[in-house]
Amino acid sequence: MDSLEILNPQIHGELRLRRDFPLSNHFVRIVPSEFAAAAVACPIFFSKHRETGAFYPGAALGLRPGELLVDRPDGKAAFESLESVREGFFATDDNISIDAAHSRFAAEDGHRLFEPDGAPAPALRRIQSALGALVVGTQEAEQFIAALLAHRLIEPLDISLSFDDGEKLSLQGLFTVSLDRLQRLDDASVLALFRAGHLQLAYTMIGSLQQVGILARRRNDRLTGTL
């Protein structure tokens, strides 16, 4: 990314974050430490990186681009991912880089990144924490996925939805944990998955699929004006 710059209080001391920056993605990458919070608000799926074809876990905040269906009555998201917290910021070796052209940044009104003495302001400290959790969590996600693949537990999903206004949606390119194959594993494999913390994550993903129907009903209610 050509516009990446190492974050520096001397250069970016006056840079601010817009106060009400909208979510830019309806499907956002998450890491295992976020599964429990995500699963009570939205479905968790696996998808594949376009460049590498590798699996990664993500939470569906809506059913199509530009759509948010997990908002609360106050308009805030019921689940806020680490990815959304760090949007516009990147971990670069031991530094933090920013996409200087990202629309999240403002020169005037907004949350300060640095205190007058150059120390990180609360907004930046929150972003630092999110980036650290993502670095650790990405490794945990890779280990989880590797364990599932070793037991052939990842399977594709075919989700087709119809709405009262006549619209039909087909969710493609998504994968989940096969409950049937999981239940057929031998005791030693189940125990190994349990001890690694992978079994709970697998069942959390499977359980989160009930949120698809909830999001669909919420979307239908909005289309028909009943919500």
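Predicted, not measured: the structure shown is a model, and the values here were computed from it. (Residues numbered from 1 in each chain as written. Predicted model: local features only at pLDDT ≥ 70, side-chain atom pairs only at ≥ 80, totals over all residues. Heavy atoms only, no water.)

Student: Help me get a handle on the side chain of Arg-86, residues and values and all.
Tutor: Structurally, Arg-86 can be placed in the loop between helix 3 (82-85) and strand 6 (89-92). Separated by 2.7 Å, the side chains of Arg-86 and Glu-83 make a polar contact. Every residue in contact with Arg-86, bar those within four places of it in the chain, is listed here: Arg-104, Ile-127, Ala-130, Leu-131 and Leu-134. (Helix = DSSP H or I, 4+ residues; strand = E, 2+ residues; numbered from the N terminus. Polar contact = N/O pair within 3.5 Å; in protein donor to acceptor, adjacent residues only side chain to side chain. Contact = heavy atoms within 4.5 Å.)

Student: Tell me about helix 6 (residues 187-195), residues and numbers included.
Tutor: The N-terminus of helix 6 is capped by Asp-186, whose side-chain oxygen sits 3.1 Å from the backbone nitrogen of Ala-188. Once helix 6 ends, the next one or two residues include Gly-197, with phi positive near 85 degrees.

Student: An account of the sheet that holds strand 9 (residues 111-112) is needed here, citing residue identities and associated values.
Tutor: If you walk across this open sheet you meet the three strands as 8-2-9, and the pairing is antiparallel. For this open sheet the edge positions go to strand 8 (105-106) and strand 9, each flanked by a neighbour on one side alone. Where strand 2 (residues 16-17) and strand 9 come together, two bridges link them in antiparallel fashion. What sits directly across from Arg-16, in strand 9, is Arg-112. (Pairing = 2+ DSSP bridges.)

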